Amino acid sequence: MPETPEQPTVNQVAKLARIHLDEQQLTSSGEKLKQILEFVSQLEQAELPKDIEPFFGAIESVNAIREDNLQTSVPREKILDNAPESDGEFYLVPPVFRNTDS
Amino acid sequence: MTLSALNADVIVDQLNAGEVTATDCVQHFLDRIQVHNAELNAFIRVSESALEQAEAIDQRRKAGESLGCLAGLPIAIKDGICVSGQPTTAGSKMLENFSPPYDATIVERLKSADAIIIGKTNMDEFAMGSSTENSFFGPTNNPWATNRVPGGSSGGSAACVAARLAPVAIGSDTGGSIRQPASFCGITGLKPSYGRVSRYGLIAFASSLDQIGPMTRTAKESALLMSVIAGFDPRDSTSSKEQVSDFLTSLETPLAGLRIGVCRDHLNEGLDVEVKTKINDAISVFKQLGANIEEIELPQTKSAIAAYYIIAPCEASSNLARYDGVRYTFRAQANDLEEMYRNTRGQGFGDEVKQRIMLGTYALSSGYYEAYYLKASKVRRMIKQDYDEAFKKVDLILGPTTPTPAFKLGQHTQDPLAMYLADIYTVSANLAGIPAISVPVEPSSTGLPIGLQLQGRAFEENTLLRAAHQFQNETLWHMASPSEPWRTQS
Amino acid sequence: MEDTVLNPTSSPQSNNRRAVRFDDSQIIIGLEVHVQLDTDSKLFCGCSTRFGEAANSQTCVVCTGMPGALPVINERALELSIRAGLSLNCQIARSTKWDRKNYFYPDLPKGYQISQFDQPICGPGHLDIETSEATDQARRIRIERAHLEEDAGKSIHDESGRRQDSKIDLNRTGTPLLEIVTQPDIRTAAEAKAFLSELKLILNYIDVSDCNMQQGNLRCDANVNLHIPFGDEQIATPIVEIKNLNSFRAVERSITHEAQRQFEAWQENGLTIADAPKQTRGWNDHTQTTTLQREKEDSADYRYFPDPDLIAVKIEDSQIQQIESQLEQLPADLRKLLAEQYNLKSADASVIVSQGRGVVDYFLEVADGCEDSKIANNWIGQEVLRQLNESNQTIEQYPVSPQQFTDLLKLVIAGTLDQTRGKEVLNAMVADCISPEEAIKQLGIKPVDNNELVSLCEKLIDENQDVVEQIQSGNGKAIGMLIGKARKMNPNANPGLVKAMLAKMIST
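Residues numbered from 1 in each chain as written. Chains lettered and ligands numbered in written order. Predicted model: local features only at pLDDT ≥ 70, side-chain atom pairs only at ≥ 80, totals over all residues. Heavy atoms only, no water.

(A) The arrangement of the overall build of chain C in detail. When helices and strands are counted, chain C shows 16 helices and 17 strands. Relative to the compact-globule value of 23 Å for 508 residues, chain C shows a C-alpha radius of gyration of 31 Å, a clear excess of over 25%. Taking all 508 residues of chain C together, the buried fraction comes to 52%. Within chain C, contacts between residues at least 6 apart in sequence are counted, and of these 70% link residues at least 24 apart. Per element, the accessible surface of chain C, about 23,600 Å² overall, is 46% carbon and sulfur. Averaged over its 53 positive side-chain charges, chain C has a centre that lies 2 Å from the centre of its 75 negative ones. (Helix = DSSP H or I, 4+ residues; strand = E, 2+ residues; numbered from the N terminus. Rg over C-alpha atoms; globule rule 2.2 N^0.38 Å. Buried < 20%, exposed > 50% of the residue type's maximum accessible area, 1.4 Å probe, protein only. Contact = heavy atoms within 4.5 Å. Areas by Shrake-Rupley, 256 points an atom, 1.4 Å probe, with all protein chains shown as cover. Lys, Arg positive; Asp, Glu negative; His and termini not counted. Charge placed at Lys NZ, Arg CZ, Asp CG, Glu CD.)

Structural data, given as structure tokens:
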């Protein structure tokens, strides 16, 4: 069965998910993850016919396609209204790097 | 009879007949909310403009204008559904101040029908949970016993309808989030077929499983709401073009000859004795109504929870990646971009949400797609095939909605797995995409509601509603309301 | 950041490596090209794709990834992708689906890009390019696949070092891109440029994209490494992905530079493809070098999975056939037509075709009309193209219609106008938007009769005895001076006739 989160580690998963967890949270999260992964890994035992196709939920019949027509965009003022930081033109975000190399 | 004791279809009739004004109607419910919401915490936010809207409806009615079929009816909407111009929070700190610049499709349709949105109801954060204890805005209490959970994630909507703070409400269901709270709160909750009701404007949890549905006292009110919200939406690629049946007119067709399947497995292990008894009693009622009861098997049910708890977190981990502090969410203090991401998501999300994102991220990560998501999706196909097979023999499948009545607040918060396992009867319908409804049966000896679930073929909501309606003609459990003041212990 | 040095600078191995010559190695190049499709609206929503608008003025709840918003695919993007695929000889998928490519970046609003992973809309194909080595033999560059995906927005980072916030503009998010990936079949920097030029030409011809790198609707990354014969083996250097290329010239130069850099690095440290993962280097146009880009914290794990908000698209055979039947002729077909049916040299045919369908059609009409494709080619390939270039016009804006041009050329062919006079007429036609007849009148062009010609030549000989003597003593070229003078005296004198008459008179 695929390894429970030692590889990748809980730390790595948290990083990939961009979620900061402190030491205690990492430990607790790791334990819960382990528990749940053990539980869901029972699917390993599920006997499936060789040629079974996965089912992804959506109705499979019709192409959902729209014509290449222009719709009015949301006015800039409105769309930036919820922005945590903006200069009225752009969304503002902290710079990528903490230190100013490269 | 006071207004809040009436069903929505009766209220609408009275409004149309001019026996009551929309203003008085809305005021009546606002007063009840004012008195009771503090204790229940069913609403995150009460609409500031509801009275104004009601007055406008009254004016238009006076002027002889033709109005929508729900004109003046107050309705509560789960706070995971976008209503423009006011906060839609999904029960999360992350979206505490998010004001959508648009209405969800179902909201547009309800507004076109001149319904009045009276408030946004509490929910488990991002719809992840079965108790509404995961809300940033605090838990909702079950009006039948306020030391118990109303269920989740649509707990606020369920409590609101049960406590008559609004005549009807809208919820959403991904693994049981309409039906389980309906069961715990003694009301009727319908999860439509996947694709039957537009998801445009529903804050996504698991895209291939989510559906919006009505939460009401009766099947008839459910049918009324469905006639407004159901139907194809070109803005949702997963929306079905399947013809919408007239849910209301078929309600009265007798059940004689209807074939109802019962899965013996579901009435054996782990099932609360009282639940088993009341479900069996209900089966007798259906027999009296002329239905034929047959035994069916759903062998893949045992894998359903595992499949669900892979698929849903995987999709959620991706759906929730957009909550990053950049464009419209809460943003945490940080020196640089990466720190901003990690702190925002660390602080903005609650524990359960973070847990499921971690699980989904892990299961989709390099090398694991086949073992988890793909495998679970194949099991999902098997579950669907189980239903296809069963529906060759029967028209409906009957069973309990939940293994037990409402549990106590705090009872399961330490053991997520136990909470997950209680979804055993509801997740399969989401996995297969079929419709399912929960209706109240006789409550437990301690007065806690118990729910019966009917599942039907895809796009045959009318059969479900018809069976539920006929059942509700014969029984009175759905009309019971918790007596006020609310009981605090049970 | 420096490359890891495994083997010290001077060692028996490194000395052996230094003995190898760069020219013995083979450059292996693969290109990843992102082409912005020419649709009115975005791939999954109805916002405009127009370039250059005010920041964040062309977005909506869908392309900014607001909670609850959902994507719906644009039918024209599908059509243009199929057209592009057909023009590149690609297999077109009968069932195609969408996948999420998950990563975090501020200009990626949903935290994932909707792209295609395992069922791209276009499968393997090829593009034949002409190389300078053998113009009669096309080099076949195989296309691995082409898939449809949405573009991200733009980030403007603070370059001042003062650590100001970055600015994010999401206008571009959701614009449809076709990502075309070649097999590593390209062998020289020149070939890479030729590939891109031909790709651009094709996509212009079939109205799929403008492919304008400066406007960002064609972007290219190059994957480069070397195969170096070393002893009995063939060593492969680590693959480098070159990014930040803003022009075809940059592509060419960066490949040349990178190949040399890789060779020298290998001589230095002996690292092979087995030793090091794929590197990303950015091209710096100022320094004309590639520099190592900061390594990402973790190698990208995109966690691809099928997008549950979108359903598969089924493409019918009949759909593909219809698109194919309406597909314009491709540049390669037209070059062939011009060479084989109009007897143009392949270089000349290439020039005409490279100017676009409008010029080709113009040429065809004129060549058919005056029944002399050689003259048509001379005039159009030189005069017309030069004039269009100078006035910055398209052929559609050119004031001389094909019919008028044909009339002009007929006069030249008949000898009524000589080359020089003919060009003067053309200039007048262009300047004043008039017909050849009107221009001739305006310029006062009249035929010169024989008597006039004779007296003109006699006069010339009289007044230029010294030149006549030069001619008589063997300097034939000096006659040119007389012809020049003849034209000054009478611009209508046909230089050819003047020359013949002078020659006759002088020799007798």
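Continuing now.
(B) Up close: the layout of surface pockets. In this structure, the second largest pocket spans a volume of roughly 910 Å³. Lining the second largest pocket are 41 residues, with Phe-56 of chain A, Tyr-369 of chain B together with Lys-97, Gln-119 and Pro-306 of chain C sitting closest to its centre. Those elements that place two or more of their residues in the lining of the second largest pocket are α12 (370-393) of chain B together with β16 (305-306) of chain C. Here the lining of the second largest pocket gets 4 residues from one element, more than from any other, and that element is α12 of chain B. Of the residues in the lining of the second largest pocket, the class split is 20 nonpolar, 9 polar and 12 charged. (1 Å grid on protein atoms, 1.4 Å probe; cavity = no way out; pocket = protein on both sides within 12 Å on 5 of 7 lines; lining within 4 Å. Points joined across faces, edges and corners; volume = space filled by probe spheres on them. Nonpolar A, V, L, I, M, F, W, Y, C, P; charged D, E, K, R; others polar.)

(C) Here's a closer look at the interface of chain C and chain B. Taken together, the contact between chain C and chain B spans 32 residues of the former and 39 residues of the latter. Both faces considered, chain C and chain B share a buried interface measuring about 2,800 Å² in area, 58% of it formed by carbon and sulfur atoms. Looking at the side of chain C facing chain B, the largest losses of area belong to Pro-67, Leu-70 and Phe-104 of chain C, adding up to 22% of the total buried there. In this structure, the connection of chain C to chain B is made through 1 salt bridge. Remark: the boundary between chain C and chain B carries 19 residue pairs in polar contact (both at pLDDT 80 or more). Sorting the residues of the side of chain C that touches chain B by element identifies β4 (99-102) and β16 of chain C as the ones contributing at least two each. Among the residues making up the side of chain C that touches chain B, the classes are represented as 20 nonpolar, 5 polar and 7 charged. (Buried area = accessible area lost by both parts, 1.4 Å probe. Salt bridge = Lys/Arg side-chain N within 4 Å of Asp/Glu carboxyl O. Polar contact = N/O pair within 3.5 Å; in protein donor to acceptor, adjacent residues only side chain to side chain.)

(D) Quick look at the domain arrangement of chain C. Considered domain by domain, chain C is made up of domain 1 (12-306), domain 2 (329-442) and domain 3 (450-507). With centres defined by C-alpha atoms, the gap from domain 1 of chain C to domain 3 of chain C works out at 64 Å. (Domains from an automatic or database assignment.)

(E) Examining the interface of chain A and chain B more closely. Contact with chain A, which involves 58 residues of that partner, is made by 67 residues of chain B. Of the roughly 5,500 Å² buried where chain A meets chain B, counting both sides, 68% is carbon and sulfur surface. Our count for the contact surface shared by chain A and chain B stands at 1 salt bridge. In this structure, Glu-338 of chain B and Arg-18 of chain A form a salt bridge, with 2.8 Å as the shortest nitrogen-oxygen distance. Scanning the region where chain A abuts chain B turns up 13 residue pairs in polar contact (both at pLDDT 80 or more). At the level of secondary structure, the elements contributing two or more residues to the side of chain A that touches chain B comprise α1 (10-16), α2 (23-40) and β2 (91-93) of chain A. Here the element with the most residues in the side of chain A that touches chain B is α2 of chain A; it accounts for 9 residues. Among the residues forming the side of chain A that touches chain B, the class breakdown is 37 nonpolar, 11 polar and 10 charged.

(F) Broad picture of the packing of helix α9 (residues 373-391) of chain C against helix α10 (residues 402-414) of chain C. Residues and elements named next belong to chain C. Relative orientation of the contacting elements α9 and α10 amounts to 120 degrees, with a least axis distance of 11 Å. Between α9 and α10, the angle is such that the two are oblique. Pair α9 / α10 crosses with right-handed handedness. Taking contact as the criterion, the partners of Ile-375, Ala-376, Trp-379, Ile-380 and Val-384 in α9 are, on α10, Phe-405, Leu-408, Leu-409, Val-412 and Ile-413. (Axes fitted to C-alpha atoms, helices over the stretch in contact; angles between N-to-C directions. Parallel < 35°, antiparallel > 145°, perpendicular 65-115°, else oblique. Left-handed = near helix turned anticlockwise from the far one by under 90°.)

(G) Geometry of the packing of helix α9 (residues 301-319) of chain B against helix α11 (residues 351-364) of chain B. Residue and element names in this part refer to chain B. With their axes 7 Å apart at the nearest point, α9 and α11 run at an angle of 95 degrees to one another. When the interaxial angle is binned, α9 and α11 end up roughly perpendicular. Facing Tyr-309, Pro-313, Cys-314 and Ser-317 of α9, the residues of α11 in contact are Arg-356, Ile-357, Leu-359, Gly-360, Thr-361, Ala-363 and Leu-364.

(H) Spotlight on empty space enclosed by the protein. Taken as a whole and assessed by the stated rule, the structure comprises 8 cavities of 30 Å³ or more. What the largest cavity holds in volume is close to 110 Å³. What lines the largest cavity is a set of 17 residues, among which Val-62, Leu-70, Pro-71, Lys-110 and Ile-114 of chain C lie closest to the centre. In the lining of the largest cavity, the residues fall into 10 nonpolar, 2 polar and 5 charged. In this model, the second largest cavity occupies a volume close to 90 Å³. Forming the boundary of the second largest cavity are 15 residues, of which Gly-129, Ser-130, Ser-177, Tyr-308 and Asp-423 of chain B lie nearest the centre. Here the residues of the lining of the second largest cavity are counted per class, giving 5 nonpolar, 8 polar and 2 charged.

(I) Seen up close, the state of the cysteines. On inspection of all chains with the given rule, the structure shows 0 disulfides over all chains. Here Cys-220 of chain C stays free of any disulfide, with the sulfur of Cys-211 of chain C as its closest cysteine sulfur at 11 Å. (Disulfide = S-S within 2.5 Å.)

(J) Quick peek at the side chain of Thr-329 of chain B. Relative to the helices and strands, Thr-329 of chain B resides in the loop between α9 and α10 (337-348). Among the polar contacts listed, one links the side chain of Thr-329 of chain B to the backbone nitrogen of Gly-325 of chain B, at a separation of 3.0 Å. Residues within four places of Thr-329 of chain B in sequence aside, it is in contact with Pro-84 of chain A together with Met-94, Leu-95, Tyr-323, Asp-324 and Thr-344 of chain B.

(K) Summary view of the nonpolar core. Counting 99 residues, the largest nonpolar core has Val-40 of chain A together with Phe-126 and Tyr-323 of chain B as the members making the most contacts within it. Among the elements that make up this core, the one with the highest residue count is α9 of chain B (11 residues). Of all hydrophobic cores here, the second largest spans 96 residues; its members include Ala-163, Phe-247, Ala-291 and Tyr-425 of chain B. (Core = buried A, V, L, I, M, F, W, Y, C linked by side-chain atoms within 4.5 Å.)

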